[in-house]
Amino acid sequence: DAKTTQPPSMDCAEGRAANLPCNHSTISGNEYVYWYRQIHSQGPQYIIHGLKNNETNEMASLIITEDRKSSTLILPHATLRDTAVYYCIVRAPNTNAGKSTFGDGTTLTVKP
Amino acid sequence: EPEVTQTPSHQVTQMGQEVILRCVPISNHLYFYWYRQILGQKVEFLVSFYNNEISEKSEIFDDQFSVERPDGSNFTLKIRSTKLEDSAMYFCASSDPGWGQRHDYEQYFGPGTRLTVT
């Protein structure tokens, strides 16, 4: 699986958009970008994923650059409950039995 | 909304004892996984399981570990002789309902079992 690089930490004001970047310059054509988050020591929570098109769901938006070498997760109106570690993971769904390789992620702190 | 469940939430055991961690994956999923997270460290992949056999395992998953799907709903992780360094959160995950032609299924994680080896 391709390696990802994320900033170790970010702050965001409550109610503002949180934009979390991820670099995955070695991504292969069949690899998707997945985002998960982990609040305290809870199980990782799936947020969103995409291949090359931008995606949006009820939790977030995912913007993938045209060359697919980087992406940005957008939480449009961050709340205090969005404080968590956010992981960007790149994997090909049907290889390596779909295992996810977690890095250190970005610790997002939403401040009042 | 369907979810992955795990029991117990916290297991305390003595070094050398056997433990079995239990998971109930989402009912129509086909792939099952165990991950662990030692306190303050990354989430690490242990093993994946599909069609009643191990698909892949990491170097952590040595002969002391085994997995089983004893019936149509449970997925278990057994550690035969626990060591102090096995103390961690263990997460079960499942994915792939096998519908249609999509192959990008996300993984859903359980809340974890905190294993403490004394």
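Reading guide: rules and limits
- Residues numbered from 1 in each chain as written.
- Chains lettered and ligands numbered in written order.
- Predicted model: local features only at pLDDT ≥ 70, side-chain atom pairs only at ≥ 80, totals over all residues.
- Heavy atoms only, no water.
- Disulfide = S-S within 2.5 Å.
- Helix = DSSP H or I, 4+ residues; strand = E, 2+ residues; numbered from the N terminus.
- Buried < 20%, exposed > 50% of the residue type's maximum accessible area, 1.4 Å probe, protein only.
- Contact = heavy atoms within 4.5 Å.
- Buried area = accessible area lost by both parts, 1.4 Å probe.
- Salt bridge = Lys/Arg side-chain N within 4 Å of Asp/Glu carboxyl O.
- Polar contact = N/O pair within 3.5 Å; in protein donor to acceptor, adjacent residues only side chain to side chain.
- Pairing = 2+ DSSP bridges.
- Axes fitted to C-alpha atoms, helices over the stretch in contact; angles between N-to-C directions.
- pLDDT = per-residue confidence, 0-100.

### Digging into the state of the cysteines
One pass over the structure, following the stated rule, counts two disulfides over all chains. The disulfide partner of Cys22(A) is Cys88(A), and the gap between their sulfur atoms is 2.1 Å. On the sign convention where negative means left-handed, the S-S torsion of about -80° between Cys22(A) and Cys88(A) marks this disulfide as left-handed. Placement of Cys22(A) in strand S2 (residues 18–23) and of Cys88(A) in strand S8 (residues 84–91) is noted, with a sequence separation of 66 residues between them. Across the disulfide, Cys23(B) is cross-linked to Cys92(B) (sulfur-sulfur distance 1.9 Å).

### What about the environment of Tyr108(B)?
Structurally, the position occupied by Tyr108(B) is in strand S10 (residues 107–109). Judged by its relative accessible area of 27%, Tyr108(B) falls in the partly exposed class.

### What about the interface of chain A and chain B?
Taken together, the contacts link 22 residues of chain A with 23 residues of chain B. Summing the contributions of chain A and of chain B, the shared interface buries around 1,800 Å²; its carbon and sulfur component is 51%. Counting every contact that joins chain A to chain B gives one salt bridge. On the surface where chain A and chain B come into contact, there are six residue pairs in polar contact (both at pLDDT 80 or more). Going through the elements one at a time, strand S3 (32–38), strand S4 (45–50) and S8 of chain A are the ones with two or more residues in the side of chain A that touches chain B. In terms of residue count, the dominant contributor to the side of chain A that touches chain B is S3(A) (four residues).

### Digging into the sheet that holds strand S1 (residues 9–13) of chain A
Residue and element names in this part refer to chain A. Taken together, the five strands give an open sheet; going across it, the order is S1-S9-S8-S3-S4, and neighbouring strands pair in mixed fashion. One side of each edge strand has no neighbouring strand; the edge strands of this open sheet are S1 and S4. Neighbour-to-neighbour, the strand axes of this sheet turn through a mean angle of 25°, independent of strand direction. Pairing geometry for S1 and strand S9 (residues 106–111), over five bridges, is parallel. Directly across from alanine 13, in S9, lies its bridge partner lysine 111.

### Quick word on the pattern of salt bridges
Should the charged atoms of two oppositely charged side chains come close, the side chains can pair. Counted by the stated rule, this structure contains four salt bridges over all chains. For Asp11(A), the salt bridge identified is with Lys111(A), shortest N-O distance 3.1 Å. With Asp11(A) in strand S1 and Lys111(A) in strand S9, this residue pair connects regions lying 100 residues apart in the sequence. Between Glu44(B) and Arg36(B) there is a salt bridge, with the nearest N and O atoms lying 3.2 Å from each other. The class for Arg36(B) is buried, based on a relative accessible area of 9%.

### As for the pairing of strand S6 (residues 61–64) of chain A
All names here are of chain A. As judged from the two bridges shared by strand S5 (residues 55–56) and S6, these two strands associate in the antiparallel manner. Bridge pairing in S6 links threonine 56 to serine 61. In textbook terms, the turn of a hairpin is the stretch between consecutive antiparallel strands, and for S5 and S6 this stretch comprises four residues. As paired elements, S6 and strand S7 (residues 70–75) share four bridges and run antiparallel to each other. Paired with leucine 62 across the two strands is leucine 73, which belongs to S7. Two successive antiparallel strands, S6 and S7, enclose a turn made up of five residues, where arginine 68 displays a positive phi of approximately 65°.

### Observations concerning the confidence of the model for chain B
Detailed reading of the predicted model is not advised wherever pLDDT is low. Taken over all residues, the pLDDT of chain B has a mean of 92, while the share at 70 or more is 93%. Looking at the elements of chain B, mean pLDDT is at its lowest for strand S6 (residues 53–57) of chain B, recorded as 91, and at its highest for strand S11 (residues 113–117) of chain B, recorded as 98.

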